[in-house]
Amino acid sequence: PRSPGGDAGSRALAAPGVRTCRDRAEPAALPPAPLGFTDVNLNSRNTYEVSRRRSAPEHLPHGGGTAPAAPAPPPQEPPERARHRLGIAGAGSSFAEFFTRNFFTKRTKELKPAVQSAPGWKLFGKVPPRENLPKDSKIIQQEYEARTGRMYKPPPPSSRRKNIEFEPLSTTALILEDRPANLPAKSVEEALRHRQEYDEMVAEAKKREIKEAHKRKKIMRERFKQEENIASAMVIWVNEILPNWEGMRATRRVRELWWQGLPPSVRGKVWSLAVGNELNITPELYEIFLSRAKERWKSFSETSSENDTEDAGASVADREASLELIKLDISRTFPSLYIFQKGGPYHDLLHSVLGAYTCYRPDVGYVQGMSFIAAVLILNLEEADAFIAFANLLNKPCQLAFFRVDHSMMLKYFAAFEVFFEENLPKLFLHFKSYSLTPDIYLIDWIFTLYSKSLPLDLACRVWDVFCRDGEEFLFRTGLGILRLYEDILLQMDFIHIAQFLTKLPEDITSEKLFSCIAAIQMQNSNKKWAQVFASLMKDNKEGDKNHSPAPKN
């Protein structure tokens, strides 16, 4: 047993503010520290602790008095522990461990901090870490109070309304909550006003939901009605019209059914019959031109540098028929569908149809915009039938003039369009004239792609239905229908905004609204129809060419 004097002497050696291991209650799980030898933390950043370690005596007496009679020998430390503490590599250690050990105290996320010996930690009132377990918030608060001597007082809880019927689930319900205690309370008038505003918001939300529900029901009813009409029309087309095509195609009943839109199941067949096959193309002829296109692509890929040199003197059509331009346009064809891009199910099919056409019509070649027309045909026809319809469709006078970039013919089409533009929409026509906005700015893109790029795909197919019935006249009538549909908006715009608007039409355009506007367009001027107006423009142009022709030499 130790004497009181010894305890007093031990406490006298301790500096103020520093407790010895005997003044602190030790954990039950740890044995008492030996007083003969003290292992302190050498990595401590506290200079006061280091200086005390150096100034304190090495051994404390076991009995009374200030000095021991004979110093007690320190306990033997295991050699492995000594080598570890002094950083000396053992026999089983490698040189890599010696050079990679840390010479300076540095905290890293990858390395685990070394566990210090229990006596060295207990000397300064700490406990050894236990694998860096996360601390509870209460433990952190207690350590903070023990270190600073301050007591943390949490703020008083805010007084809330008692016995509330519900908890607010959204910001709109917060209007019914009372203010915090540090703010003035609501008056009776203000509380009633807030309650009234909240009820109005709830009522407005209910009205909006009911309105949207009615709108959805209306759309569903119209869709069901449209599906029933399509089903009944399909029976008529399959059983009555298609078997007697030549005799019934021009009847009033068939033309009315045609205007309402073709059923998707018979659309491709009706398109093929309406477009015809004046070029007498057969599926075997398509295979021949397709094989030529594949050979050309193979030679192009193998000797691209040589082809570049040869193309320097080639025509514009040959340059546009190059593989790179076709590939580029295919990737931009209906990008939202993801079926014509590389890896899609129709990518190779569209590539084959376009390549075969460039070999079939080298005088036309490939022109940007053809990919949209071929893609619409591929979606409704088989591969060979799509090529036959594609080649015959581009052989029509209007398409041939545009894809050959025949400027004189294109100007005649624009002039005929303006005649009916002025007849049907005089106010908008004068507005466009005031800004010198000519039809080529917006019509070229519509005609080149047959509206398949400018309109939603289902609406574009319905435009194609009537185009196959009425011919090129309906393309320009559709353009006038679009202008009529957005007339009020276009009258408020300037040149730039009109061009941007007509280049990219709104996506929410519906077939009912558009076709009602198209039906309101009268393709008749001074008792002259489209074909007569266009023929008169062609005649005036020929007479003008004769008058401006050079006189014959004597």
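How each quantity is defined
- Residues numbered from 1 in each chain as written.
- Predicted model: local features only at pLDDT ≥ 70, side-chain atom pairs only at ≥ 80, totals over all residues.
- Heavy atoms only, no water.
- Patch = residues over 30% accessible without salt bridge, like charges linked within 9 Å, V, L, I, M, F, W, Y side chains within 5 Å.
- Areas by Shrake-Rupley, 256 points an atom, 1.4 Å probe, with all protein chains shown as cover.
- Salt bridge = Lys/Arg side-chain N within 4 Å of Asp/Glu carboxyl O.
- Helix = DSSP H or I, 4+ residues; strand = E, 2+ residues; numbered from the N terminus.
- Phe/Tyr/Trp six-rings, centres within 6.5 Å; stacked < 30°, edge-to-face > 60°.
- Buried < 20%, exposed > 50% of the residue type's maximum accessible area, 1.4 Å probe, protein only.
- Lys NZ or Arg CZ within 6 Å of the ring centre and 35° of its normal.
- Core = buried A, V, L, I, M, F, W, Y, C linked by side-chain atoms within 4.5 Å.
- Contact = heavy atoms within 4.5 Å.
- pLDDT = per-residue confidence, 0-100.
- Axes fitted to C-alpha atoms, helices over the stretch in contact; angles between N-to-C directions.
- Left-handed = near helix turned anticlockwise from the far one by under 90°.
- Nonpolar A, V, L, I, M, F, W, Y, C, P; charged D, E, K, R; others polar.

**Q** Looking at this structure, I do not really get a nonpolar patch on the surface. What am I missing?
**A** Residues M234, V235 and V238 make up a contiguous nonpolar surface patch of roughly 220 Å² in combined accessible area. Position of V238 relative to the elements: it lies in helix α7 (residues 188-241).

**Q** I tried to follow the packing of aromatic side chains on my own but got confused; where do I start?
**A** Aromatic rings considered in pairs are described by the distance between their centres and by the relative angle of their planes. Under the criterion given, the structure shown has 31 aromatic pairs. Between W271 and W464, the ring centres sit 5.2 Å apart and the planes meet at 40°, which makes this aromatic pair tilted. Here W464 lies in helix α22 (residues 457-470) and W271 lies in helix α10 (residues 264-275), a separation of 193 residues in the sequence. The burial state of W271 is the same as that of W464; both residues are buried. Note on W530 and F534: the rings are 6.4 Å apart at their centroids and 10° apart in plane angle, and the pair reads as stacked. Placement of the pair is W530 and F534 together in helix α27 (residues 530-547), with a separation of four residues, close to one helical turn. Look at W530 and you get buried, because its relative accessible area is 3%. Residue placement shows R462 over the ring face of F515; its charged tip is 4.1 Å from the ring centre.

**Q** Looking at this structure, how should I read the nonpolar core?
**A** Soluble, globular proteins show a tendency: their nonpolar side chains are buried together. Grouped together as the largest cluster of nonpolar side chains are 112 residues, with contacts concentrated most on W237 and L483. Ignoring any residue separated from it by four or fewer positions in sequence, one finds W237 in contact with L242, P243, W245, V254, L257, W258, L262, P263, V266 and V270.

**Q** What exactly am I supposed to notice about the confidence of the model for the protein chain here?
**A** If pLDDT is low for a region, its predicted coordinates should not be looked at in detail. Here the protein chain averages 75 in pLDDT, and 63% of its residues register 70 or above. Across residues 82-93, confidence stays below pLDDT 50; counting only partners more than four residues off in sequence or on other chains, it has nine contacts. Here residues 95-127 scores under 50 on pLDDT; set against residues more than four positions off or in separate chains, the count is 33 contacts.

**Q** Is there a simple way to explain the packing of α7 against helix α9 (residues 252-259) in this structure?
**A** When two helices pack together, their arrangement is captured by the angle between the axes and the distance separating the axes. α9 packs onto α7 with a crossing angle of 145° between their chain directions and a minimal axis gap of 12 Å. Here the hand of the crossing between α7 and α9 comes out left-handed. On α9, the residues touching I236, W237, E240 and I241 of α7 are R253, V254, L257 and W258. Tallied by class, residues from the contact of α7 with α9 come to six nonpolar, no polar and two charged.

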